[in-house]
Amino acid sequence: GALHRTWRRRVSPHLDHRDSCALMGFHLEIPPGVLHPGHFASSQFLARHLGTLPYQNKWVADIGTGSGLLALVVANKGATVTALDINPQAVTCARDNAFRNGLGDRITAIESDVFGAVPPVMRFDYVVTNPPFYPRDARDLADQAFAAGSRYDFFITLTHQIRNRLTEKGMLILVHSSDVNFAPIADMFASRGLIEHSVRHKRGLFETLSVREYRIDLTT
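The shown structure was predicted, so the numbers you read here are calculated from the model rather than taken from an experiment.

Rules and cut-offs
- Residues numbered from 1 in each chain as written.
- Predicted model: local features only at pLDDT ≥ 70, side-chain atom pairs only at ≥ 80, totals over all residues.
- Heavy atoms only, no water.
- Helix = DSSP H or I, 4+ residues; strand = E, 2+ residues; numbered from the N terminus.
- Rg over C-alpha atoms; globule rule 2.2 N^0.38 Å.
- Buried < 20%, exposed > 50% of the residue type's maximum accessible area, 1.4 Å probe, protein only.
- Contact = heavy atoms within 4.5 Å.
- Areas by Shrake-Rupley, 256 points an atom, 1.4 Å probe, with all protein chains shown as cover.
- Pairing = 2+ DSSP bridges.
- Axes fitted to C-alpha atoms, helices over the stretch in contact; angles between N-to-C directions.
- Core = buried A, V, L, I, M, F, W, Y, C linked by side-chain atoms within 4.5 Å.
- Arc of directions from axis to C-beta.
- Phe/Tyr/Trp six-rings, centres within 6.5 Å; stacked < 30°, edge-to-face > 60°.
- Lys NZ or Arg CZ within 6 Å of the ring centre and 35° of its normal.
- Expected span 1.5 Å × (residues − 1).

1. A short note on the overall build of the protein
When helices and strands are tallied, the protein shows six helices and nine strands. Its C-alpha radius of gyration of 16 Å places the protein within 12% of the 17 Å reference for a compact globule of 220 residues. Taking the principal axes of the C-alpha coordinates as reference, the protein spans close to 50 × 40 × 30 Å. Taken across its 220 residues, the protein has 51% of its residues classed as buried. In the protein, once contacts between residues fewer than 6 apart in sequence are set aside, the share between residues at least 24 apart is 64%. Just so you have it, the protein exposes about 10200 Å², and 52% of that area is on carbon and sulfur atoms.

Listed below in structure tokens is the structure:
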């Protein structure tokens, strides 16, 4: 998409080395190959939304955790977090950032394709994700943060697994960009009995971001 091309042109030259940043009260170290939340409004918009929700005694899965920012936000408010990423560099990054910010006892980082490496018995009160948006195959591990697969494979996997991973009143929360058509993804969710609970929009210069919340339709 145009947004991704613009980002690569402006930001990529600066991401060939480890970067340190302070974001939302956390100190993050981000190596090359891991999505940098400081350069993406989507990461920060979702993180701020998640910061408004209650997490005491809640279990949360953060899919595609990257730097671990979302995991840090919810763990800091009392959640026990399983931070998942298909990119082993991101898993190490998220784990290191958890300990760096004093939350290593609340965040467990696991290399996993969606829930593939998570024990089958685990259920979550919230599943949160800043997902890959673009319907194309990834060029490399780092590109997994952007590329959902040519058939939206990421979302196919997510929608097949999510009902068995949410608690009865659990919620899936994701952010999405108007840079990519959401309709095929919405259809997948509907076909799996996921009902859109609420949506919040934020209009930017190049895109409109949406945070969408889904619950399981218990009548299906």
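2. Some details on the sheet that holds strand β4 (residues 80–85)
Reading across from one edge, β5-β4-β3-β6-β7-β9-β8 is the order of the seven strands in this open sheet, with mixed pairing throughout. Of all the strands in the sheet, the pair left with one neighbour each is β5 (107–111) and β8 (194–203). Between one strand and the next, the sheet's axes are offset by a mean angle of 15°, whatever the strand orientation. Where strand β6 (residues 124–129) meets strand β7 (residues 166–177), five bridges bridge the pair, whose relative direction is parallel. Bridging from a neighbouring strand, Phe 124 pairs with Leu 166 of β7.

3. Regarding the environment of His 17
Tracing the sequence through the fold places His 17 in the loop between α1 (2–11) and β1 (19–23). The spacing of His 17 and Leu 166 is 149 residues in sequence and 37 Å in space, taken between C-alpha atoms. The contact partners of His 17, leaving out residues within four places of it in the chain, are Ile 30 and Pro 32.

4. Some thoughts on the nonpolar core
Membership of the largest hydrophobic core comes to 38 residues, with the highest contact counts inside it found for Leu 50, Ile 107 and Ile 173. Beyond its immediate sequence surroundings of up to four residues, Leu 50 is in contact with Tyr 55, Leu 70, Val 73, Val 74, Val 128 and Ile 173.

5. Things to note about helix α6 (residues 183–191)
Those residues of α6 that sit buried are Ile 185, Met 188 and Phe 189. Seen along its axis, α6 keeps its buried residues to an arc of 95°; they face one direction. Set apart from the buried face of α6 by more than 90 degrees, the exposed residues are Asp 187, Ala 190 and Ser 191. Looking one or two places after α6, you find Gly 193, whose phi comes out positive at around 75°.

6. Some remarks on the pairing of strand β9 (residues 208–216)
Of all nine residues in β9, eight are buried, a share of seventy percent or more. Here seven bridges tie β7 to β9, and the two strands are oriented antiparallel to one another. Within β9, the position partnered with His 176 by the bridge is Ser 210. Taken together, β8 and the strand that follows it, β9, pair antiparallel across an intervening segment of four residues.

7. Things to note about the packing of aromatic side chains
Considering all chains together, one arrives at nine aromatic pairs under this definition. Pairing Phe 115 with Phe 124 gives two aromatic rings, centres 6.0 Å apart and planes at 25°, and the pair type is stacked. Judged on exposure class, the residue Phe 115 and its partner Phe 124 are both buried. One aromatic cluster in this structure is built from Tyr 152, Phe 154, Phe 155, Phe 182, Phe 189 and Tyr 214. Across from the ring centre of Phe 182, 4.2 Å away, lies the NZ or CZ of Arg 212, which sits over that ring.

8. Describing helix α4 (residues 88–100)
An α-helix turns once every 3.6 residues. As a result, residues three or four positions apart point the same way. In a regular helix each residue adds 1.5 Å, so 13 residues correspond to 18 Å; α4 covers 18 Å between its end C-alpha atoms and thus fits that length. Along α4, the positions that sit buried rather than exposed are Ala 90, Val 91, Cys 93, Ala 94, Asn 97 and Ala 98. In an axial view of α4, the angular spread of the buried residues amounts to 165°, which keeps them on one side of the axis. One or two residues past the end of α4 sits Gly 102, with phi positive at roughly 75°.

9. A short note on the environment of Ile 185
Among the structural elements, Ile 185 can be located in helix α6. In this structure the C-alpha to C-alpha distance between Ile 185 and Thr 159, which are 26 residues apart in sequence, comes to 9.1 Å.

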